[in-house]
Each structure stands twice: as structure tokens, then as C-alpha cells.
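Listed below are the residues making up each chain.
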Amino acid sequence: MMEQLFLAGGIALVLLMMLSLIRVIAGPTILDRILGGSVIGTKTTVLLLFIGVLYDNVGMFVDIAIAYAMLNFIATLAATKFFLRRKSVNLEDLES
């Protein structure tokens, strides 16, 4: 019973990740795209924990999820700082 609950939650997360992917692809600004990527990374972290519960090996998947969450956070900060510090391009001009 519990496995079906986590499997349904995982499927729901994948569907929500696809909705966030629309924001990444068609975001009006570059910051919207960065935020969409960050949301996908956060949902992936939770999905990794669900997979750990389904495989009865939560300890290993918690370590992987923490490492992935840290990399996602650092990448989001780096991309945001990069695009905010560019002086030659305005954020409104990055819609392409």
C-alpha cells in the first residue's frame, strides 16, 4: 500500500516537472528560466528520496539527494549572478 502511494507521488512529481519545463523553455526572461530550472532540481531531489523509499535503501539516496540539492543551489546562484552582472545585455533583451 505504501509503495503505491510513493509511486503515485513520484508520477505526480514528474508531471509537475514537465509543467516547470514549459517555464524553462518559454520563460519571458532569463531569470524565469533559471527559476524554472531550480524548481525542477528541487523536485528531482524529492523524487530521489521517493526512489530511495521504493528501493528500501533510503540512506544511499539521501546522500545523493543532498549532493544534488547542493549542486542545484550553487548552479542557480552562479547562473543568476552571471546574468545579473553582465553589463552589456539588459535582462529584457535576453528573451531569445
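Here the residue numbers are simple positions, counted from 1 along each chain's written sequence. Residues qualify for local features only when their pLDDT is at least 70, as the model is predicted, and side-chain atom pairs are given and counted only at 80 or more; totals for whole chains, interfaces and linings, by contrast, use all residues. For side-chain calculations, the full set of non-hydrogen atoms in the structure is used, while hydrogens and water are omitted.

**Details of the overall build of the protein chain**
Point 1. Of the regular secondary structure elements, the protein chain holds three helices and zero strands.
Point 2. When the helices and strands of the protein chain are read in sequence order from the N terminus, they spell out α-α-α.
Point 3. The 96 residues of the protein chain split such that 25% are buried.
Point 4. What makes two residues a contact is simply this: any of their non-hydrogen atoms within 4.5 Å. Partitioning the intrachain contacts of the protein chain with sequence separation of at least 6 by distance along the chain shows that 55% fall at a separation of at least 24. The helix and strand labels rest on DSSP assignments: H or I over at least four residues marks a helix, E over at least two residues marks a strand, and numbering proceeds from the N terminus. Accessible area is worked out with a 1.4 Å probe on protein chains only. A residue is then buried under 20% of its type maximum, exposed over 50%, and partly exposed in between.

**Notes on a nonpolar patch on the surface**
Point 1. Each patch groups residues whose relative accessible area exceeds 30% and which form no salt bridge, using 9 Å between like charges and 5 Å between nonpolar side chains of Val, Leu, Ile, Met, Phe, Trp and Tyr. Only the protein chains shown count as cover for residues, with accessible areas throughout obtained via the Shrake-Rupley method and a probe of 1.4 Å. Counted as salt bridges are all cases of a side-chain nitrogen of Lys or Arg within 4 Å of a carboxyl oxygen of Asp or Glu. On the surface, Leu7, Ile11, Val14, Leu15, Met18 and Leu54 cluster together into a nonpolar patch covering about 520 Å² of accessible area.
Point 2. For the nonpolar patch, the element with the most residues is helix 1 (residues 2-26), which contributes five residues.
Point 3. Along the chain, leucine 54 turns up in helix 2 (residues 30-54).

**Structural notes on the packing of helix 2 against helix 3 (residues 58-85)**
Point 1. Where helix 2 meets helix 3, the closest approach of the two axes is 8 Å, and the angle between their N-to-C directions is 175°. The orientation of helix 2 with respect to helix 3, classified from their angle, is roughly antiparallel.
Point 2. Here the nonpolar group is Ala, Val, Leu, Ile, Met, Phe, Trp, Tyr, Cys and Pro; Asp, Glu, Lys and Arg are the charged ones; every other residue, Gly included, is treated as polar. Looking at the contact of helix 2 with helix 3, its residues break down into 17 nonpolar, 10 polar and no charged. Only the contacting stretch of a helix is used when fitting its axis, a line to C-alpha atoms as for every element, and angles between N-to-C directions run 0 to 180 degrees. By the definition adopted for this analysis, an angle is roughly parallel if under 35 degrees, roughly antiparallel if over 145, roughly perpendicular if from 65 to 115, and oblique otherwise.

**Remarks on the side chain of lysine 43**
Point 1. Considering the arrangement of structural elements, one finds lysine 43 in helix 2.
Point 2. An unpaired buried charge is present at lysine 43: no salt bridge exists, and aspartate 32, the closest side chain of opposite charge, is 15 Å distant.
Point 3. If we skip the residues at most four places from it in the chain, lysine 43 touches Leu13, Leu16, Met17 and Ser20. Charge assignment: positive for Lys and Arg, negative for Asp and Glu; neither His nor the chain ends contribute.

**A word on the packing of helix 1 against helix 2**
Point 1. Between helix 1 and helix 2, whose axes approach to 9 Å, the crossing angle comes to 165°. Judged on the interaxial angle alone, helix 2 and helix 1 are roughly antiparallel. Crossing handedness for the pair helix 1 and helix 2: left-handed.
Point 2. Of the residues contributing to the contact of helix 1 with helix 2, the split by class is 17 nonpolar, six polar and five charged. Crossings are classed by handedness, with left-handed meaning an anticlockwise turn of the near helix from the far one by less than a right angle and right-handed meaning a clockwise turn.

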